[in-house]
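Residues per chain are reported as follows:
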Amino acid sequence: MVFDRVFVNLGQDFNVNTGVFTASVGGLYAFHYHALAQSSQEVWVELYHNYIYVNSLYGHTSGSYGPGSNSAVLELVAGDTVYLDIKHHDSFLYGGGDEVYSTFSGYLLSPINSHHPVVG
């Protein structure tokens, strides 16, 4: 997914043209994403880490707008990518330049210099 507005992009790790975040520093990162479906439509968005599915959001409300949200904490090494995708689903996002209802954010929780699996 490519967004038409970027509020903050410290370090320039988020590519505004492709919608892909590429970690320049290894560590634990938190990612949050939200979307709003057009009235009586569906929205289904998936989060990927290095092309591997992590989780999804789904939103639908008959006769109204359908919200969805999800988040994940991921251990990334420098060069890992994280992005949102809707290619496998018919999704009808609601919003515009002055109505921001679909967002994607990520931030570094803690740098990690060596790779140790996170359990939990």
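On a predicted model such as this, the values are computed, not experimentally measured, just so you know.

Check the secondary structure of the protein chain and you find zero helices and eight strands. Put simply, the protein chain runs from its N terminus to its C terminus through helices and strands in the order β-β-β-β-β-β-β-β. Whereas a compact globule of 120 residues would reach a radius of gyration of roughly 14 Å, the protein chain reaches 15 Å, a difference of no more than 12%. For the protein chain, the spread of C-alpha atoms along the principal axes amounts to about 50 × 30 × 20 Å. For the protein chain, the proportion of its 120 residues judged to be buried stands at 35%. Of the contacts made within the protein chain by residues no fewer than 6 positions apart, 67% connect residues no fewer than 24 positions apart. A total of about 7,100 Å² of accessible surface is found on the protein chain, and carbon and sulfur atoms cover 54% of it.

With that settled, consider the layout of surface pockets. Approximately 750 Å³ is the volume found for the largest pocket. Lining the largest pocket are 30 residues; nearest its centre among them are R5, V6, F14, F104 and S105. Of all the secondary structure elements, the ones that give two or more residues to the lining of the largest pocket are strand 3 (27-37) and strand 8 (103-111). It is strand 8 that provides the largest number of residues to the lining of the largest pocket, a total of six residues. Residue classes in the lining of the largest pocket are distributed as 18 nonpolar, eight polar and four charged.

Next up on the list: the sheet that holds strand 6 (residues 66-76). One open sheet accounts for three strands, arranged 6-3-8; its pairing is antiparallel. Edge positions in the open sheet fall to strand 6 and strand 8, since each of these has one partner strand only. Neighbouring strand axes in the sheet, compared pairwise and without regard to direction, differ in orientation by 15° on average. Where strand 3 and strand 6 come together, eleven bridges link them in antiparallel fashion. Its bridge partner being in strand 6, L36 is matched across the sheet by P67.

Let's shift gears to the pairing of strand 5 (residues 52-60). Bridge count for strand 4 (residues 42-49) against strand 5 is eight bridges, and the pairing is antiparallel. The residue of strand 5 that forms the bridge with E42 is H60. Once strand 4 ends, the chain turns through two residues before running back antiparallel as strand 5, passing N50 with a positive phi of about 50°.

What follows concerns the environment of S91. Tracing the backbone shows S91 in the loop between strand 7 (81-85) and strand 8. Separated by 55 residues in sequence, S91 and L36 place their C-alpha atoms 9.7 Å apart. Beyond its immediate stretch of four places on either side in the chain, S91 contacts E42, V43, W44 and I86. Separated by 2.8 Å, the side chain of S91 and the backbone nitrogen of W44 make a polar contact.

Moving on, we get to unusual backbone geometry. You will see that Q12, though not glycine, has its phi angle at about 60°, which is positive. Position of Q12 among the secondary structure elements: in the segment before strand 1 (14-15). Not every positive phi belongs to a glycine, and S40 is a case in point at roughly 65°. For S40, a relative accessible area of 36% puts it in the partly exposed group.

Quick notes on the rules
Residues numbered from 1 in each chain as written. Predicted model: local features only at pLDDT ≥ 70, side-chain atom pairs only at ≥ 80, totals over all residues. Heavy atoms only, no water. Helix = DSSP H or I, 4+ residues; strand = E, 2+ residues; numbered from the N terminus. Rg over C-alpha atoms; globule rule 2.2 N^0.38 Å. Buried < 20%, exposed > 50% of the residue type's maximum accessible area, 1.4 Å probe, protein only. Contact = heavy atoms within 4.5 Å. Areas by Shrake-Rupley, 256 points an atom, 1.4 Å probe, with all protein chains shown as cover. 1 Å grid on protein atoms, 1.4 Å probe; cavity = no way out; pocket = protein on both sides within 12 Å on 5 of 7 lines; lining within 4 Å. Points joined across faces, edges and corners; volume = space filled by probe spheres on them. Nonpolar A, V, L, I, M, F, W, Y, C, P; charged D, E, K, R; others polar. Pairing = 2+ DSSP bridges. Axes fitted to C-alpha atoms, helices over the stretch in contact; angles between N-to-C directions. Polar contact = N/O pair within 3.5 Å; in protein donor to acceptor, adjacent residues only side chain to side chain.

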